[in-house]
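Analysis of the macromolecular model
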Amino acid sequence: MTTSQSPFIEALRSSRVWDTALPAFDPAAAPAEPLSLFHDWFVSAVAAKAVEPHTMALATVDADGRPDARIVMLHDADARGWHFASHAGSAKGRQLAARAEAALTFYWPVQGRQVRVRGRVSTGTPEEAYADLHARTPGALASALVGHQSEVLASAEVLAGASADAWERASREPEADVPSWTLYVVEPDEVEFFQGDERRRHVRLRYRREQGLWVRELLWP
């Protein structure tokens, strides 16, 4: 048995978090509902130059009750909830069709902040899905036109051919529709805001929906 550490363990133990001044957060001054606070924190994360602040972990469960998670992009956050989109036939789409519940997690290490959202998931109209897709880049349309998300891929060459065809079609038909493209909205019944603290006195403020109203409560770190 050797006493030397593996490169992985050395890298793991040498990693540090929050190597920066962290913002203050007074939960007593937080608004009565979570959406406006999320908007404020998101704008603050962008101003602090957080890397890809609009990315979030989306957690679902499969038919056997096993958890599944992946990183997706936030498309909007409004009075309805937190929006993202995908193909209905993707793994996440199939899982949400079977059990329309999900959890989201945002992490902005530059400020030591997390936001966690849990709730039921609804789908937008086909018109909303179309508008969502065409509000994005030509590359997003080309990627959607490729389709087959989460299916087994025979080879990289097959993907290259399908992608080339999709890019050509996206250029030729910029208004093309992708019927499987679906807008999803996480309608929150729980939203938690986590503010890290250098002395590990982290602030956790949870909003919990109770009989249509938001209840605010602090959690131990």
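Residues numbered from 1 in each chain as written. Predicted model: local features only at pLDDT ≥ 70, side-chain atom pairs only at ≥ 80, totals over all residues. Heavy atoms only, no water.

At their nearest, the axes of helix α5 (residues 138-146) and helix α6 (residues 156-172) sit 8 Å apart, and the two run at 125° to each other. Classified by the interaxial angle, the pair formed by α5 and α6 is oblique. In the crossing of α5 with α6, the sense of the turn from one axis to the other is right-handed. Where α5 abuts α6, its residues P138, G139, L141, A142, L145 and V146 lie against L159, A162, S163, A166, W167, R169 and A170. Within the contact of α5 with α6, the residues separate by chemical class into 10 nonpolar, 2 polar and 1 charged. (Axes fitted to C-alpha atoms, helices over the stretch in contact; angles between N-to-C directions. Helix = DSSP H or I, 4+ residues; strand = E, 2+ residues; numbered from the N terminus. Parallel < 35°, antiparallel > 145°, perpendicular 65-115°, else oblique. Left-handed = near helix turned anticlockwise from the far one by under 90°. Contact = heavy atoms within 4.5 Å. Nonpolar A, V, L, I, M, F, W, Y, C, P; charged D, E, K, R; others polar.)

As a further point, take the layout of surface pockets. If you add up the space inside the largest pocket, you get close to 350 Å³. Lining the largest pocket are 18 residues, with H87, R136, S143, Q149 and W181 sitting closest to its centre. Secondary structure elements with two or more residues in the lining of the largest pocket: β2 (67-73), β4 (82-87) and α5. (1 Å grid on protein atoms, 1.4 Å probe; cavity = no way out; pocket = protein on both sides within 12 Å on 5 of 7 lines; lining within 4 Å. Points joined across faces, edges and corners; volume = space filled by probe spheres on them.)

What follows deals with the environment of L133. Tracing the chain through its elements places L133 in helix α4 (residues 126-134). Sequence separation of L133 and V178 is 45 residues, and the distance between their C-alpha atoms is 8.5 Å. If near-sequence neighbours (up to four positions away) are discounted, L133 is found in contact with A140, L141, A144, V178 and W181.

Summed over all chains, the structure comprises 13 salt bridges. Across the pair R172 and E168 runs a salt bridge, and its minimum N-O distance is 3.0 Å. Placement of both R172 and E168 in helix α6 is noted, with a separation of 4 residues, approximately one turn of the helix. Overall, R172 belongs to the exposed group, its relative accessible area being 51%. Overall, E168 belongs to the partly exposed group, its relative accessible area being 42%. In this structure, E217 engages R206 in a salt bridge whose closest nitrogen and oxygen atoms are separated by 2.8 Å. Within this pair, whereas E217 is found in strand β9 (residues 213-219), its partner R206 is found in strand β8 (residues 203-210), the two being separated by 11 residues in sequence. With a relative accessible area of 22%, R206 lands in the partly exposed category. Each of E168, R169, R172 and E173 takes part in salt bridges that share partners, so that together they form one network. (Salt bridge = Lys/Arg side-chain N within 4 Å of Asp/Glu carboxyl O. Buried < 20%, exposed > 50% of the residue type's maximum accessible area, 1.4 Å probe, protein only.)

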